[in-house]
Amino acid sequence: GNLRVTSIKWRARQGSAAICLRETTNHALILAFGGREGPAKPLNDLSVFVYKGGRGQFFQPLAVRGETPSPRWGHSLVRLSGTNHLAVLVGGRSADYVCSDSLYVLSAVEDDNVHFLWEPVLDNGICRRFHHSAVASDDSRVFVFGGLDQIDSINGETCKAALVETNATEGQ
């Protein structure tokens, strides 16, 4: 199947996160999520950036299902490998300055066409984080380092979460 998209103009922002899904010598497929346009104006849009032949273009996927994460910035988006799970979204900060402990898995699901699917990971073990670093291991564990857990409180604790099987993994 094909991924259905529409061309968009990328809005200026800060605190968004992106991953590279596929890359060759002269081509890249990148996903970007969220960020903020200004104080108290976080976003929760998922964009696809296609780089080809020295030029790039942003697109908005037309088929995004599941529970879309709330608007946020200062989060991380970490590439996953080995399954139809593409990435995991970790933490971030909301419009009301609350640091999030949420974790969402973004998957690619193919039926008649390809669509993206957001699924929250409940009871995930991740602590509240904003402006942190995160990485995923090959066995689907996510590690979160540093960052803020409140507006002005730096946290040195390392958090770990093991991703659970979701409907997308089971092929539904």
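Each chain carries its own residue numbering, running from 1 in the direction its sequence is written. Owing to the predicted nature of the model, reporting of local features is limited to residues with pLDDT of at least 70; listing and counting of side-chain atom pairs is limited to 80 or more, with chain, interface and lining totals taken over all residues. Note that the side-chain values use all heavy atoms of the structure and ignore hydrogens as well as water.

Chemist: Describe the sheet that holds strand β15 (residues 159–162), with residues and values.
Modeler: Whether two strands pair comes down to DSSP finding at least two bridges between them. Put simply, DSSP H or I for four residues or longer makes a helix, DSSP E for two residues or longer makes a strand, and each gets a number counted from the N terminus. One open sheet holds the 3 strands; their spatial order is β11-β12-β15, and the pairing between them is antiparallel. Where the open sheet ends on each side, the last strands, each with one partner, are β11 (133–136) and β15. Between one strand axis and the next, the sheet turns through 15° on average, direction left out of account. Where strand β12 (residues 141–145) lies against β15, 4 bridges are found, and the strand directions are antiparallel. Residue pairing in the sheet places Val142 in a bridge with Ala161 of β15. Interaxial angles span 0 to 180 degrees and are taken between N-to-C directions of axes, which are lines fitted to C-alpha atoms, for helices over the stretch in contact.

Chemist: Could you give an account of the state of the cysteines, with specific residues and numbers?
Modeler: Any two cysteine sulfur atoms within 2.5 Å of one another count as a disulfide. Applying the stated rule across the entire model yields 1 disulfide. One disulfide in the model links Cys127 with Cys159; its S-S distance is 1.6 Å. Taking the sign of the S-S torsion, about 65° here, the bridge from Cys127 to Cys159 comes out right-handed. Taken together, the residues Cys127 in the loop between β10 (114–120) and β11 and Cys159 in strand β15 connect sequence positions 32 residues apart. The same class applies to Cys127 and to Cys159, which are both buried. Burial here depends on accessible area, computed with a 1.4 Å probe over protein chains only, as a share of the maximum for the residue type. Under 20% is buried, over 50% is exposed, and the range in between is partly exposed.

Chemist: Tell me about unusual backbone geometry, and name the residues and values.
Modeler: You will see that Tyr97, though not glycine, has its phi angle at about 65°, which is positive. With respect to the element layout, Tyr97 can be found in the loop between β8 (85–90) and β9 (103–110). In this model, His131 sits at a positive phi of 55°, which is unusual for a non-glycine residue. Mapping His131 onto the fold places it in the loop between β10 and β11. Judged by its relative accessible area of 47%, His131 is partly exposed.

Chemist: Could you give an account of the layout of surface pockets, with specific residues and numbers?
Modeler: Approximately 250 Å³ is the volume found for the largest pocket. Definitions used for this entry: grid spacing 1 Å over protein atoms alone; cavity, a set of points where a 1.4 Å probe fits but cannot get out; pocket, an open set with protein on both sides within 12 Å along at least 5 of 7 lines; lining residue, one with an atom within 4 Å of a point. Along the walls of the largest pocket sit 13 residues, with Leu3, Leu21, Arg22, Leu29 and Phe116 positioned nearest its centre. Elements represented by at least two residues in the lining of the largest pocket include exactly β2 (17–24), β3 (27–36), β4 (42–52) and β10. The leading source of residues in the lining of the largest pocket is β3, at 3 residues. In terms of residue class, the lining of the largest pocket is made up of 10 nonpolar, 1 polar and 2 charged. Grid points are joined across faces, edges and corners, and a volume is the space filled by probe spheres set on the points. For this classification, the nonpolar set comprises Ala, Val, Leu, Ile, Met, Phe, Trp, Tyr, Cys and Pro, the charged set comprises Asp, Glu, Lys and Arg, and every other residue, Gly included, is treated as polar.

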